[in-house]
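Read off the chains here:
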Amino acid sequence: MKTYLDCIPCFFRQALEGSRVIRATPKQQKQIIDEFSRKIPEFSLRTSPPEIARFGYSILRKIAKGKDPYGEIKQKSNRAALRLLGRLRNKIKLSRDRLLTALELAIAGNIIDFGAKNNLNIKVELKKILALEERFIHRKSIFHYAEFRQALKNSNNILYLADNAGETVFDRILIEEIKRIYPAKDIYYAVKAKPIINDALFEDAKFCGVDKVARIISNGTGAPGTILSLCSKEFKKIYRGSDMIISKGQGNFESLSGEARPIFFLFTVKCQPAARESGAKIGSIVLIYNFKK
């Protein structure tokens with residue numbers, strides 16, 4: 001996905017809000033904005049949004065002196081989501097179509113996104129997912145479920161691209177359901193190698209129990225998406241060898257929507273540029289099969 005002019009104010013909003021998360025002084029906040037401002041003109045609009053956002057967060061990491069600015073927030077997200085695991089499993093167990101319900105809940109979990117909404121209250125948002133589930137999941141505008149089921153049946157090797165911490169619990173329940181139906185499927189769960197916003201790292205995925213149902217791997221980068229040119233050789237080998245790719249989150253959609261691979265994008269549409277690119281309305285949940293030959 002290309003970068004729209006509408007994306008540029010969002011980059012600055014994320015940089016400013018991120019600077020406050022790391023408790024930067026007003027002087028440091030201005031330094032962050034100034035440095036980002038000087039870099040923006042160098043980027044082409046053909047560049048994907050995650051590539052530009054990555055530079056903004058690299059400035060934050062310098063100010064944070066190598067610490068994970070969102071580390072505490074991610075831990076809270078993980079713990080809060082794990083407390084819902086039993087209730088999520090029960091919803092799936094009582095469903096008429098277990099796989100469909102697991103998919104819908106996995107996408108609903110994509111609401112845990114501090115890049116799109118920095119003042120997020122994890123407990124409140126998780127309660128919304130459960131209490132308003134029926135209204136939430138009916139905001140489906142593009143949902144290629146038949147294609148997903150067929151691809152799942154025909155695939156031996158599956159690569160699941162993670163998005164945010166906490167959301168990993170919702171990914172886990174979907175993977176559990178896939179493994180219940182197809183125990184022999186080989187599933188890789190790819191996380192980020194370095195801290196970036198609240199994106200999941202290896203320790204987040206393991207804390208949430210994903211290692212019990214999939215092999216956790218790193219994509220080798222610290223970008224808010226999957227920028228293949230920056231990914232490790234090991235990750236790219238698995239990416240190329242996978243029969244099916246399940247891609248969570250808007251950042252992964254923004255960075256991979258033009259790829260000629262059998263990718264299923266699962267996310268909630270959070271801004272106008274993503275709505276324009278996906279053809280879905282803001283606030284809707286989507287399952288998009290994007291296989292360009």
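Rules behind the numbers
Residues numbered from 1 in each chain as written. Predicted model: local features only at pLDDT ≥ 70, side-chain atom pairs only at ≥ 80, totals over all residues. Heavy atoms only, no water. Helix = DSSP H or I, 4+ residues; strand = E, 2+ residues; numbered from the N terminus. Buried < 20%, exposed > 50% of the residue type's maximum accessible area, 1.4 Å probe, protein only. Contact = heavy atoms within 4.5 Å. Areas by Shrake-Rupley, 256 points an atom, 1.4 Å probe, with all protein chains shown as cover. Arc of directions from axis to C-beta. Pairing = 2+ DSSP bridges. Right-handed = clockwise from strand over helix to strand, strands pointing away. Axes fitted to C-alpha atoms, helices over the stretch in contact; angles between N-to-C directions. Parallel < 35°, antiparallel > 145°, perpendicular 65-115°, else oblique. Left-handed = near helix turned anticlockwise from the far one by under 90°. Nonpolar A, V, L, I, M, F, W, Y, C, P; charged D, E, K, R; others polar. Salt bridge = Lys/Arg side-chain N within 4 Å of Asp/Glu carboxyl O.

Engineer: An account of the overall build of the protein chain is requested, with residue identities and associated values reported.
Structural biologist: Counting secondary structure elements, the protein chain contains 14 helices and seven strands. In the protein chain, which comprises 293 residues, the proportion classed as buried is 55%. Sequence separation of 24 or more characterises 72% of the internal contacts of the protein chain that already satisfy a separation of 6 or more. Roughly 13400 Å² of accessible area belongs to the protein chain as shown, and the carbon and sulfur atoms make up 52% of that amount.

Engineer: How would you explain helix α9 (residues 145-154) if you had to name every residue and give the values?
Structural biologist: Regarding α9, the residues found buried are Tyr145, Phe148, Ala151 and Leu152. Burial along α9 is one-sided: seen end-on, the buried residues are contained in an arc of 125 degrees. In this structure, α9 carries Ala146, Lys153 and Asn154 as exposed residues pointing more than 90 degrees from its buried face.

Engineer: Summarise the pairing of strand β6 (residues 263-268); cite the residues concerned and give the values.
Structural biologist: The buried count for β6 comes to six of six residues, which makes it a mostly enclosed element. Burial along β6 is two-sided: Ile263, Phe265 and Phe267 facing one way and Phe264, Leu266 and Thr268 facing the other are all buried. Where strand β5 (residues 244-248) lies against β6, four bridges are found, and the strand directions are parallel. From the neighbouring strand, serine 247 faces β6, where its bridge partner is phenylalanine 265. For the crossover that starts at β5, traverses helix α13 (residues 250-256) and ends in the parallel β6, the hand is right-handed. Of the strand pairs in this sheet, β6 and strand β7 (residues 285-290) are connected by six bridges, and their pairing is antiparallel. When the sheet's bridge partners are listed, phenylalanine 264 is paired in β7 with tyrosine 289.

Engineer: For unusual backbone geometry, give the residues involved together with the corresponding values.
Structural biologist: Located in the positive-phi region is arginine 23, a residue other than glycine, with phi close to 60 degrees. Looking at the element boundaries, arginine 23 is found in the loop between α1 (7-21) and α2 (26-39). Located in the positive-phi region is isoleucine 197, a residue other than glycine, with phi close to 45 degrees. Mapping isoleucine 197 onto the fold places it in the loop between β3 (186-191) and α11 (202-207). With relative accessibility at 8%, the residue isoleucine 197 sits in the buried group.

Engineer: Explain the packing of α1 against α2 to me, using residue names and the numbers behind them.
Structural biologist: The geometry of a pair of packed helices is captured by two quantities: the angle between their axes and the separation between those axes. One way to put it is that α1 packs onto α2 with a least axis distance of 9 Å and a crossing angle of 150 degrees. Classed by the angle they form, the pair α1 and α2 counts as roughly antiparallel. Viewed along their axes, α1 and α2 form a crossing whose handedness is right-handed. On α2, the residues touching Phe11, Phe12, Ala15, Leu16, Ser19 and Arg20 of α1 are Gln29, Ile32, Ile33, Phe36 and Ser37. A breakdown of the residues in the contact of α1 with α2 according to their chemical character gives seven nonpolar, three polar and one charged.

Engineer: Mind laying out the pattern of salt bridges, listing which residues take part and the relevant values?
Structural biologist: Counting across every chain of the model gives 16 salt bridges. Here lysine 30 ties to aspartate 34 by a salt bridge, and the two come within 2.9 Å at their closest N and O atoms. Here lysine 30 and its partner aspartate 34 are both found in helix α2, four residues apart, which amounts to about one turn of the helix. A relative accessible area of 28% means that aspartate 34 is categorised as partly exposed. Between lysine 74 and aspartate 68 there is a salt bridge, with the nearest N and O atoms lying 2.8 Å from each other. Put simply, Asp68, Lys74 and Asp204 are held in one network by salt bridges that share partners.

Engineer: Give me the lowdown on the pairing of β5, citing residues and values where you can.
Structural biologist: Within a regular beta strand, the side chains point alternately toward one face of the sheet and then the other, so they alternate between its two faces. The buried count for β5 comes to five of five residues, which makes it a mostly enclosed element. Burial of β5 is two-sided: the residues Met244, Ile246 and Lys248 facing one way and the residues Ile245 and Ser247 facing the other way are all buried. As paired elements, strand β2 (residues 157-161) and β5 share four bridges and run parallel to each other. Bridging from a neighbouring strand, leucine 159 pairs with isoleucine 245 of β5.

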